[in-house]
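Below are the chains, spelled out letter by letter.
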Amino acid sequence: MRLTPKSDTPRASGLGISRRQFLQRSGATTGGLAAAGFMGAPMMQRAEAAEKTAWSDAPVETKRTVCSHCSVGCGVYAEVQEGVWTKQEPAFDHPINRGAHCAKGASLRQHGHSSRRLKYPMKLVGGEWQRLSWEDAIEEIGNKVLALTEQHGPDSIYWLGSAKFNNEQAYLMRKFAALAGTNNTDHQARICHSTTVAGVANTWGYGAMTNSLNDIQNSRSIMFIGSNPSEAHPVAMQHILLAKERSQAEIIVVDPRFTRTAAKADSYVRLRPGSDVAFIWGLLWHIFENGWEDSQYIDQRVYAMDQVREEVATFSPEVVENITGVPEETMRDTARRLAENRPGCIVWCMGGTQHTTGNNNTRAYCILELALGNIGKSGGGANIFRGHDNVQGATDLGLMSHSLPGYYGLSEGAWKHWAGVWDLDYEWLQSRFDQNEYVDGKPMHSSGITVSRWIDGVLEQEEDISQRTRLKAMFYWGHAVNSQTRGPEMQKAMQQLEMMVIVDPYPTVAGVMHGRQDGVYLLPAATQFETTGSVTATNRSIQWRDQVIEPLFESKPDHEIMYLLSQKLGFSDELFKNIKVEGTEPLIEDITREFNAGMWTVGYTGQSPERLKEHQQNWHTFSFRDLKAEGGPADGDYYGLPWPCWGTAEMGHPGTPILYDTSKKVSEGGLTFRARFGIERDGENLLADGVFSRDSDLEDGYPEFTDTMLKDLGWWDELTDAEKTAAEGKNWKTDLSGGIQRVAIAHECAPFGNAKARCNVWTFPDPIPKHREPLYTSRRDLVKDYPTWPDVTSHYRLPTLYRSIQEQDVTGKYPIILTSGRLVEYEGGGEETRSMSWLAELQQEMFVEINPALANDLAIAEGDMVWVEGAEGGRVRVKALVTPRVAPEVVFMPFHFGGMFQGESLHDRYPEGSAPYVLGEAANTATTYGYDSVTQMQETKCTLCRIEKAS
Amino acid sequence: MSMSMMHAGAARRLLTLLVLLAGLVLSQLALAQQADPGREAAFAVPAVDAELWRQVKEGETGPNYRDSRAESTYNLVNTSGETWRQIRERWVSPFGAIAVLGMMAAIVLFYLMVGRKHLDEPRTGRKLLRWSLVVRSLHWTVATLFILLAITGLNLAYGKTLLRPLFGDGAWSAMMSGTKLIHNYLGPLFGILLVILLLRLLSHNIPKAHDLQWFAKGGGLVGKGHPDAGFANGGEKVWYWLLATAGLAVIASGFVLDFPNYGQARDTMQWAGIIHAVGALGLTAVALGHIYIGTVGTEGSLEGMTTGYVDESWAKEHHNLWYDEVKDQAIPEDQLAEHRQASQGDEPAPRSG
Amino acid sequence: MATMKFMCDAERCIECNGCVTACKNANEVEWGVQRRRVVTLNDGEPSEVSISVACMHCDDAPCIAVCPTETLYQRDDGIVLHDKDLCIGCGYCLYACPFGAPQFPKQNAFGERGKMDKCTFCAGGPAETKEEEYQKYGANRIAEGKLPLCAEMCSTKALLAGDAQEVADIFRQRVVQRGHKDGGWSGNPRADADSLAYDATQQG
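Here the residue numbering is sequential within each chain, running from 1 through the sequence in written order. Ligands are numbered from 1 and chains lettered from A, in the order in which they are written. Thresholds applied to this predicted model are a pLDDT of at least 70 for local features of residues and 80 or more for the giving and counting of side-chain atom pairs; totals over whole chains, interfaces and linings are not thresholded and use all residues. Excluded from the side-chain calculation are hydrogens and water; included are all heavy atoms of the structure.

(A) View of the packing of helix H9 (residues 276-289) of chain A against helix H11 (residues 305-313) of chain A. Residues and elements named next belong to chain A. Every axis corresponds to a line fitted to the C-alpha atoms, with the helix fit spanning only the stretch in contact, and the corresponding angles, defined between N-to-C directions, vary from 0 to 180 degrees. A helix here means a DSSP run of H or I that spans at least four residues, while a strand means a run of E at least two residues long, and both kinds are numbered starting from the N terminus. Relative orientation of the contacting elements H9 and H11 amounts to 105°, with a least axis distance of 9 Å. With respect to each other, H9 and H11 are oriented roughly perpendicular. Contact with H9, carried on its side by Trp281, Leu284, Trp285 and Phe288, involves Met305, Val308, Arg309, Glu311, Val312 and Ala313 of H11 and no other residues of that element. Taken together, the residues of the contact of H9 with H11 sort by class into 8 nonpolar, no polar and 2 charged. Angle categories are assigned with fixed cut-offs, so that under 35 degrees is roughly parallel, over 145 is roughly antiparallel, 65 to 115 is roughly perpendicular, and the rest are oblique. Between two residues, a contact is recorded if the distance between any of their heavy atoms is within 4.5 Å. Note on residue classes: Ala, Val, Leu, Ile, Met, Phe, Trp, Tyr, Cys and Pro are nonpolar, Asp, Glu, Lys and Arg are charged, and everything else, Gly too, is polar.

Structure, rendered in structure tokens:
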């Protein structure tokens, strides 16, 4: 008997009642009394009796996979019978989660089988959705892309990729865009942790989480600033609460909202949104004042702390209180807790990153931990919790408009490196790009437009865009649109495009908010459970996913779609030159091997498919405390070979569980700070001072390894002949044999050098981080002393406004601070999770959190419908949730909802049967302009709004 | 005093001191060993303090109470549920059974000892119209419904103890489903009809002074002769007013229980359940008495409610005041058929107090 | 014989609702019926605390006492199960239950509530075939030697399920770690220093 996949019967449309319990039931049912009420109208709209998965005695295949929602990377045992995913078992032996899940992970099985999936390719004709075949879809889309490229150049197409790709797909997408001749590609990291990566990498070398979730168990203090793991990374709380219980760790939460994490904290500090730098400087003021800093650590491993001292000296307690709202006593108390409880770590997420000053914030956090001497220690660290399940991987694999896989950048050297790895002629590759030069330079070497600004890529004056034309067509490949700001303008931009192509397991908000009649395509992509590949968790561990089920309906895995498109566009031979294609599906392991061959910068070279699969099959041998395998086939490795995993797979590096940890040998996972910024500056030494990783043959700071350096050290002859050939004229990043790295590590030296972390990033707009008010601020009195930057003519190809926006005082009309954030039941734009009934049932309505005092001022009661209007006029109609969580001057909206637009339901615009169970206004319809000065990150954590009761 | 005695004295003092000291230490230990639940709780779950316990115990659902169950109005712990269970299982159920069974036993005993109340005077053969067709229809419908509701109600209350072993599991489920259907669907009907019946008979049942006398004489059981009685005697009025109070309470609570679609809280339902049970069981017990008296217990009564007509002698004996008012309207038996024809059997019953 | 119980450590519960959806995953109960719920007191206030509640499988269950049809019954291992074939939807179990565990799919006139559904401790219920058991009651993990999925998947191991003694032991360990060196047994006449020996510096 063949099991047919059972689906959840679609629920009748309309909104039910939220779990946050707005309506008192009497209010809802008195109306029903007269009509259907008497005979018993159901309390709320109920589905027809939902069919359950049929019971089967068929043999069970257990597949190992990883949750596809957030980047904690929880292990999952998926039990499949006759091709149907019938059961989900907790993976108690998985070293990261030990079987634990949050609401999303616990309902994962429904992700694979949701009946609201996009089932077959569709195209919008005369405002209606029509089904078409894959062949026709590829043909039409391909023809359009070719025509547009011909007419307007390759930069007229935007290839927006996804943090939900696995590593292989992310890498392939970047390569695809490159071969299509454009840098106009990006993914969710831009609007998530781009400021982190930029700020942190420019401080000490790599921009990723330094320690691991497991290692947090060893922390004596943990400060969460702009991070709410209880809702965004619940399973991380397992480790955090263990630290709290076993080591009596101090948990400090700094947030404008009293979050669920704050409920578990020892100390909660309410912060004004956008005042992070002032807060950190305020802490450092007390730390320096009391001599609590780790002077030896600073002398040996940090550059320019004195310049920070000068800046911090201007942030006396009164100044800090004025800017942040935090009183002196609390600041001193917090600083003392951190100082007295080391090693400690700092954790930040969107609360810190999503600002125009994001790059300042992230660097300030790093500087704090450097001052305390917490970096490079077990229990310490800058612990950055990434968002989507593979946003770390997609970032590392270069799916960004300003770089290539491995963060090589877009210089000629970078392109030549990758051309070499791809086995393609550099000149040919160069010829794919627009050869003209614009304000930012030549398109091949200038950062493309970012996802946060794509709408300006469509709406901006063409002469002001640093490429030939505006964007004409856009691919929304696994990326929501309701996570970007300025919804009303986005709708306009969508209408001006000549073609929109949405490639996703679900139609997404992009499929329905455009208001177009035609020119929109929906291509059903398969989820990560319908394919195989590797994924990188927030702690840099790479995990391998088994394929659980075959692609449902007519969906195809993303890499197959890339193959079909590249074939139509005429570069599939080049794209898959060294990648085997079986039928129309590229072999995933070949893709892994290809990026293994090229990503020397971040050490994605040692994680071969074979090693990753071995780790997956033996995840029970890895320790819950430090992720190390003691015995077993992977003895000595760290789980997932956290990058950098130096050298080739043959070299067998165990991975680096804690970055910058000099207590270990490099060959056993130790590391120094990267020598990335030169050897000296202004006469000061930038290399490490008398400190080095364990057993290092070089007992002082040293620059990054090049062939010359090896020769000077007399180690050149330790290379094999083949390695010598490859390494000649190269350095540790470009030597494709890996020999330079191997020899360096044989001497227990870090291939990337041994330097100091730097507090001064001289290439950034603010070399020492400064406090600057948000563009839309309610504190007009602070704008004079802490203004934003002047407007920029061109950044990532677009003019970017700062001061001209901040100069306008809109507080008269928009007096309330608006911030946004996450809910535990949903993820990202929410189309995926709102299409799962088990999750949707828990959060049925969009809402805005309003403090009771503010609610009284506005005459709003709990459960009232209100209009929230953002400072640029976008309005959303949502339900009021009155709670003391937020301060009286701040309101909060979750950003996961979509499917309603400024009061109007878009339900009927979805293809039949694929509307999510729950629709709601998108918070970002009301958010505003504001972009980070280094990465173009959007400022979604602090803007202004007004609220009034809806009639 | 010898040296040894001095030493002994010293030794004794030392011993005493040691004992005292030991006692002090031990008592401290004992104190330290005493249970301190508050302190323990503070370590076990520091997040939960006395204020929170109070909120939970009192079932508070204040403005910042959230429940993940959509549309739920439930508090965290509803302590009234156990209270309701205790009241129901330890008091209402047992005493209800005692009431009903006790009444049955009392009636049997009474019948065996006192026997049927026969007519004092022989029948005259002349009939008086007592109950109209409307009232009779109402009465018998209500009575049937009452009996069905009583049986099904008793089944719901006691069935699992008595009947499940009897019926066996197979039929048990079907029988209980049927029981509930009958009880829940007939209940409202009963309620509406009873109210109509009560309204109809209200004027007959206004309490009068002579009713007290009727009770003093035990309804005629005490002493000789019959006490005064109007259309309805004291006993009947008591039955009427029981129905008009407890009966209405049972009906009202029944509606509350039977229509949960108006979102009644659990506490409301618990109260309604108690009222319903106490009232219904009480009424059932008393109804047994009413049934006995109206059928076996009193000669000449039943025919009034079946045919509508009662014999003169019965009327004179049991409802003399009423008889005095309507005796002129007595109809000889043989003319009854024609009379009925002409009036189509639905003339209003002669009224009196 | 083991006595099966739930225990939710409110100190660790972060209201992630993993238990709620795990239950749905294992038992596929319909929209609107949630066997397990997470309650938060003082939401948004400094004293905020959350706890996960479902059927507590009481030793002297009020629901069993008041049910007119003996739908509810208790196994030797303490798990309280229900027989949907017998349920008449009267609602008494719901009124008696302190935790609001029984749920009904409807709430219509004439007391039509449908069949009661509640947490089964993932031990299924009475049925002829496994297929029928799954359709009516959901998973029977106990029969497979497993524990309820809600507790197995709890994100912070706040929700514990299993033999009452073992659950109590786990909780006691936590109490000690949280600072109560006596292990919460002060006043217990059977306690002595050796049996309570637990070195809180031992990470285990």
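Okay, back to it.
(B) Region of the structure containing the nonpolar core. In this structure, Trp159, Phe279, Ile280, Trp281, Leu284 and Phe705 of chain A are the most contacted members of the largest nonpolar core, which totals 196 residues. With residues up to four places along the chain from it excluded, the contact list for Phe279 of chain A reads Met223, Ile225, Val254, Val269, Leu271, Thr324, Val326 and Met331 of chain A. Ranked by size, the runner-up nonpolar core spans 40 residues in total, among them Val77 of chain B together with Cys19, Cys97 and Ala161 of chain C. Here, nonpolar core means buried Ala, Val, Leu, Ile, Met, Phe, Trp, Tyr and Cys residues that are tied together by side-chain atoms lying within 4.5 Å of each other. Throughout, exposure labels follow a simple rule: accessible area from a 1.4 Å probe, protein chains only, divided by the maximum for the residue type, with under 20% read as buried, over 50% as exposed, and the rest as partly exposed.

(C) Examining the pattern of salt bridges more closely. By convention in these notes, a salt bridge is any Lys or Arg side-chain nitrogen within 4 Å of a carboxyl oxygen on Asp or Glu. Within this structure, the stated rule accounts for 97 salt bridges over all chains. Put simply, Glu862 of chain A and Arg66 of chain B hold a salt bridge, and the shortest N to O gap is 3.0 Å. Taken together, the positions of Glu862 of chain A in the loop between helix H31 (852-858) and strand S28 (865-870) and Arg66 of chain B in strand S1 (residues 66-67) put the pair across two chains.

(D) Spotlight on a nonpolar patch on the surface. Residues and elements named next belong to chain B. Excluding any residue in a salt bridge, patches collect residues exceeding 30% relative accessible area, merging like charges within 9 Å and nonpolar Val, Leu, Ile, Met, Phe, Trp and Tyr side chains within 5 Å. All accessibility values rest on the Shrake-Rupley procedure with a 1.4 Å probe; residue burial counts only the protein chains present in the view. A cluster of nonpolar side chains, contributed by Val108, Leu109, Phe110, Tyr111, Leu112, Met113, Val114, Leu221, Val222 and Val296, occupies part of the molecular surface with about 1,000 Å² of accessible area. With 6 residues, the top contributor of residues to the nonpolar patch is helix H4 (residues 80-113). Position of Val296 relative to the elements: it lies in helix H9 (residues 266-297).

(E) Quick look at the sheet that holds strand S4 (residues 331-332) of chain B. Residues and elements named next belong to chain B. Strand order in the open sheet formed by 3 strands is S3-S2-S4, and the pairing between neighbours is antiparallel. Strands with a single pairing partner mark the edges of an open sheet, and in this sheet they are strand S3 (309-311) and S4. Bridge analysis of strand S2 (residues 126-129) against S4 gives 2 bridges, and the strand direction is antiparallel. Across the sheet, residue Lys127 finds its bridge partner in S4, namely Ile331. Pairing between strands requires that DSSP locate at least two bridges from one strand to the other.

(F) Main features of H11 of chain A. Residue and element names in this part refer to chain A. Residues of H11 that are buried include every one of Met305, Val308, Glu311 and Val312, and no others. Angular distribution of buried residues about the axis of H11 spans 110°; they occupy a single face of the element. Along H11, the residues that are exposed and aim more than 90 degrees away from the buried face are Asp306, Glu310 and Ala313. If you follow the buried residues of H11, they end up packed against H9, helix H10 (295-301), strand S11 (302-303) and helix H15 (358-372). The directions from the helix axis to the C-beta atoms form the arc being described.

(G) A look at the interface of chain C and chain B. On the side of chain B, 55 residues touch chain C, which itself brings 60 residues to the contact. Around 5,000 Å² of area is buried between chain C and chain B when both sides are counted, 53% of it from carbon and sulfur atoms. Note on definitions: buried area is the accessible-area loss of two parts on being combined, 1.4 Å probe, summed for both. Per-residue buried area on chain C facing chain B is highest for Arg37, Tyr95 and Phe110 of chain C; these three make up 15% of the total on that side. Between the two partners, chain C and chain B, sit 4 salt bridges. Residues Arg85 of chain B and Asp60 of chain C are paired through a salt bridge, measuring 2.7 Å at the closest nitrogen-oxygen approach. Residue composition of the side of chain C that touches chain B, by class: 30 nonpolar, 17 polar and 13 charged.

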